[in-house]
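# Structural features, examined
Residue strings, one per chain:
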Amino acid sequence: MAEYNKSEAELEAVFQQKIDSEQKIEPKDWMPEAYRKNLIRQMSQHAHSEVIGMQPEGNFITRAPSLRRKTVLLSKVQDEGGHGLYLYSATETLGIARSELIAALQSGEAKYASIFNYPAQTWGDMGAIGWLVDGAAIVNQVSLQRTSYGPYSRGMIRICKEESFHQRQGYVIMMELAKGTPEQKQMAQDSLNRFYWPALMMFGPHDSESAHSAKSMKWKIKRETNDDLRQKFIDQTAPQIAYLGLEHPDKDLVWNEEKGQHDSGEIDWEEFYAVINGNGHSNRQRIQHHVKAHEEGAWVRDAMSAYKQKKSQRKINADTAA
Amino acid sequence: MTSSTETVSTQDIIDYATRLGDDAIVIGHRLSEWVSKAPFIEEDVAIGNVSLDFLGHARMYYTYAAEVSNKQNGTDDVTEDTFAYLRDERQFQNHLLHELHKGDFAYTTARQLLVDVYNKYFLEQLEKSNDATLAAIAMKASKESKYHCRRSKDWTLRLGDGTSESHERMQVALNDIWGYTHELFELDELEQRLVDAGVAVDCTTLKADWLKEVTAIIEEATLTVPDQDWAVRGGRQGYHTEHLGHLLTEMQFVHRSFPGAKW
């Protein structure tokens, strides 16, 4: 292959040219080590978020208030497991094993979306999580469908289709609550109040503060900046809140005719960093839950491989005897 | 199955569909407790699937019970949720096997093997019911049940014939669960009336096939079929283990906290 004759600088130039001309980078293509690392960080964080995200909603499957809602919620949480699987597989194309990724999650070296460190307390939270958390995730993921790494981009296209069902199920929950009894409407308002700001924080720090943004934009791993994506979400959510007849949690939100978008209040970044740094209600619980399930499953995984080995040994023995 | 359904009391049909719904909802709920706790993510997804199948069966049985009930009483407010959320422990009539706690993965696997093989034979017979709705539900559920059986068999073989620890856990689970299987093959008066009318399955006839199939799987998995002389009964009469009350408490809490609310 011609690649072996090229210097690092020449390879990097070819790589960047591919990116600039909107070609996808595929697993076997040459890529800078920092690009690979950056992708592993972002994709595995995304995979972990899907898997850890099963917990707050899993917490309400057994309490869902109707059989229909129970079925829909269970399907949704199951999809998240499926998304985790696609994303782990896509990350493995970068030459790292799922077991290494999971070990990094459990040691705290790898992150997951900080939103899942907030506790799910009421049925209304199932609505708010689906509507706002999945809604914010979709805004980001729609943009990531055009990401430069092929397996990630294709995974996102598939995931986006299911995510829009997730967001709708959340919004349907909110609609039922908002038009329900006064207690139900109060439940919806309370969940909106608690999840609105954390959902805005999901887009990450302001562009001026974001550690990974510049390089990720140049490599087209990220296609739009944190603040641009957040603005889209703010703009799409405002009329949805109005439709529900709920109060907007941001008292400073006003429509700016000139810009054609909303001006909004400032996010409490102290809270953002406090939760990221471990002070959320559920940070420790989420990881401990994951570790516990993983450890309790160890004997099952061992049994599986022992059985597989015995089976192939028996086949060898039978073939030899025959 | 000779006589016609014309002689069958609609209350009997409601009660029968309800208890079949109870079996499905209770086991479906138990399986859903595994989500995010399975040994690896593929299993979270797979157990979720099986759980969803059972929830689907429960909804079909309960919806049918609700329709017949509304028709009988000239009402329109009885729904599938009335049965799942607004009845107490003593009113649930699921077989005890379904309500036993989640246990470890071996316990869940062992229970599921016994339930799934039972359902396979049960649904094959229910497909022949001269109640058209029950027959149609059975037709749909039966396909899923065959898949459940394959899955439970595969897991029983892996765990029984895996490591010494998995073998030991499976044997302990089978021993702890086996006593709850006997009532699966017994009829009370309600079911006897419906069997006579060609509506219900005569589950006394299923035992031989069930025992033959589970014995073959258990033995292939290098496990031992437990002693036959321990038997616990009472599910169909609402005489439950202490596990069910906690399950219902959790399942019904939100629904009951907001009487009359829609979700």
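Going by the structure above, here's the rest.
Below is a short write-up of the structure.

Rules of the game
Residues numbered from 1 in each chain as written. Chains lettered and ligands numbered in written order. Predicted model: local features only at pLDDT ≥ 70, side-chain atom pairs only at ≥ 80, totals over all residues. Heavy atoms only, no water. Helix = DSSP H or I, 4+ residues; strand = E, 2+ residues; numbered from the N terminus. Buried < 20%, exposed > 50% of the residue type's maximum accessible area, 1.4 Å probe, protein only. Contact = heavy atoms within 4.5 Å. Phe/Tyr/Trp six-rings, centres within 6.5 Å; stacked < 30°, edge-to-face > 60°. Buried area = accessible area lost by both parts, 1.4 Å probe. Salt bridge = Lys/Arg side-chain N within 4 Å of Asp/Glu carboxyl O. Polar contact = N/O pair within 3.5 Å; in protein donor to acceptor, adjacent residues only side chain to side chain. 1 Å grid on protein atoms, 1.4 Å probe; cavity = no way out; pocket = protein on both sides within 12 Å on 5 of 7 lines; lining within 4 Å. Points joined across faces, edges and corners; volume = space filled by probe spheres on them. Nonpolar A, V, L, I, M, F, W, Y, C, P; charged D, E, K, R; others polar. Axes fitted to C-alpha atoms, helices over the stretch in contact; angles between N-to-C directions. Parallel < 35°, antiparallel > 145°, perpendicular 65-115°, else oblique.

## Some points on the overall build of chain A
For chain A, the count of helices and strands is 13 helices and two strands. Referenced to the eigenvectors of the C-alpha coordinate spread, the extents of chain A come out at roughly 75 × 50 × 35 Å. Buried positions account for 54% of the 322 residues belonging to chain A. Here the analysis covers contacts within chain A between residues at least 6 apart in sequence; of these, 76% occur between residues at least 24 apart.

## Description of the packing of aromatic side chains
All names here are of chain B. A complete count under the given rule lists 20 aromatic pairs over all chains for this structure. Consider the rings of W178 and W210, whose centres lie 5.4 Å apart with planes at 35°: the pair is tilted. Linking W178 in the loop between helix 7 (164-177) and helix 8 (189-196) with W210 in helix 9 (residues 207-220), this pair joins segments that are 32 residues apart in sequence. For the pair W178 and W210, a shared accessibility class is recorded, and that class is buried.

## A closer look at the environment of H148 of chain B
Residue and element names in this part refer to chain B. Of note, H148 is situated in helix 6 (residues 132-160). We classify H148 as buried; its relative accessible area is 2%. Residue contacts for H148: discarding those within four places in its chain leaves V50, D53, F54 and D116.

## Concerning the interface of chain B and chain A
With 46 residues of chain B at the interface, the matching set in chain A holds 44 residues. Both faces considered, chain B and chain A share a buried interface measuring about 4000 Å² in area, 69% of it formed by carbon and sulfur atoms. At the boundary of chain B and chain A, one finds three salt bridges. The partner of D161 of chain B in a salt bridge is R314 of chain A, and the shortest N-O contact between them spans 2.7 Å. Across the contact surface, chain B and chain A share 15 residue pairs in polar contact (both at pLDDT 80 or more). Elements represented by at least two residues in the side of chain B that touches chain A include exactly helix 1 (10-32), helix 2 (41-73), helix 3 (80-85), helix 5 (105-126), helix 6, helix 7 and helix 10 (243-257) of chain B.

## Concerning the pattern of salt bridges
All names here are of chain A. Under the criterion given, the structure shown has 34 salt bridges over all chains. Of the charged contacts, one joins D190 and R194 as a salt bridge, the two residues approaching to 2.9 Å between their closest N and O atoms. Here D190 and its partner R194 are both found in helix 8 (residues 182-201), four residues apart, which amounts to about one turn of the helix. Of the residues examined, D190 reaches a relative accessible area of 27% and is grouped as partly exposed.

## Regarding the layout of surface pockets
Approximately 500 Å³ is the volume attributed to the second largest pocket. For the lining of the second largest pocket, the secondary-structure elements that each account for two or more residues are helix 4 (67-92) of chain A together with helix 2, helix 3 and helix 10 of chain B. Looking at the lining of the second largest pocket residue by residue, the classes come out as six nonpolar, six polar and eight charged.

## Some thoughts on the packing of helix 2 (residues 33-52) of chain A against helix 5 (residues 98-107) of chain A
Residue and element names in this part refer to chain A. Taken N-terminus to C-terminus, the directions of helix 2 and helix 5 make an angle of 70°; their axes are 11 Å apart at the nearest point. Between helix 2 and helix 5, the interaxial angle falls into the category roughly perpendicular. Contacts between helix 2 and helix 5 involve I40, S44, H48 and I52 from the former and L101, I102 and L105 from the latter. Broken down by class, the residue content of the contact of helix 2 with helix 5 amounts to five nonpolar, two polar and no charged.

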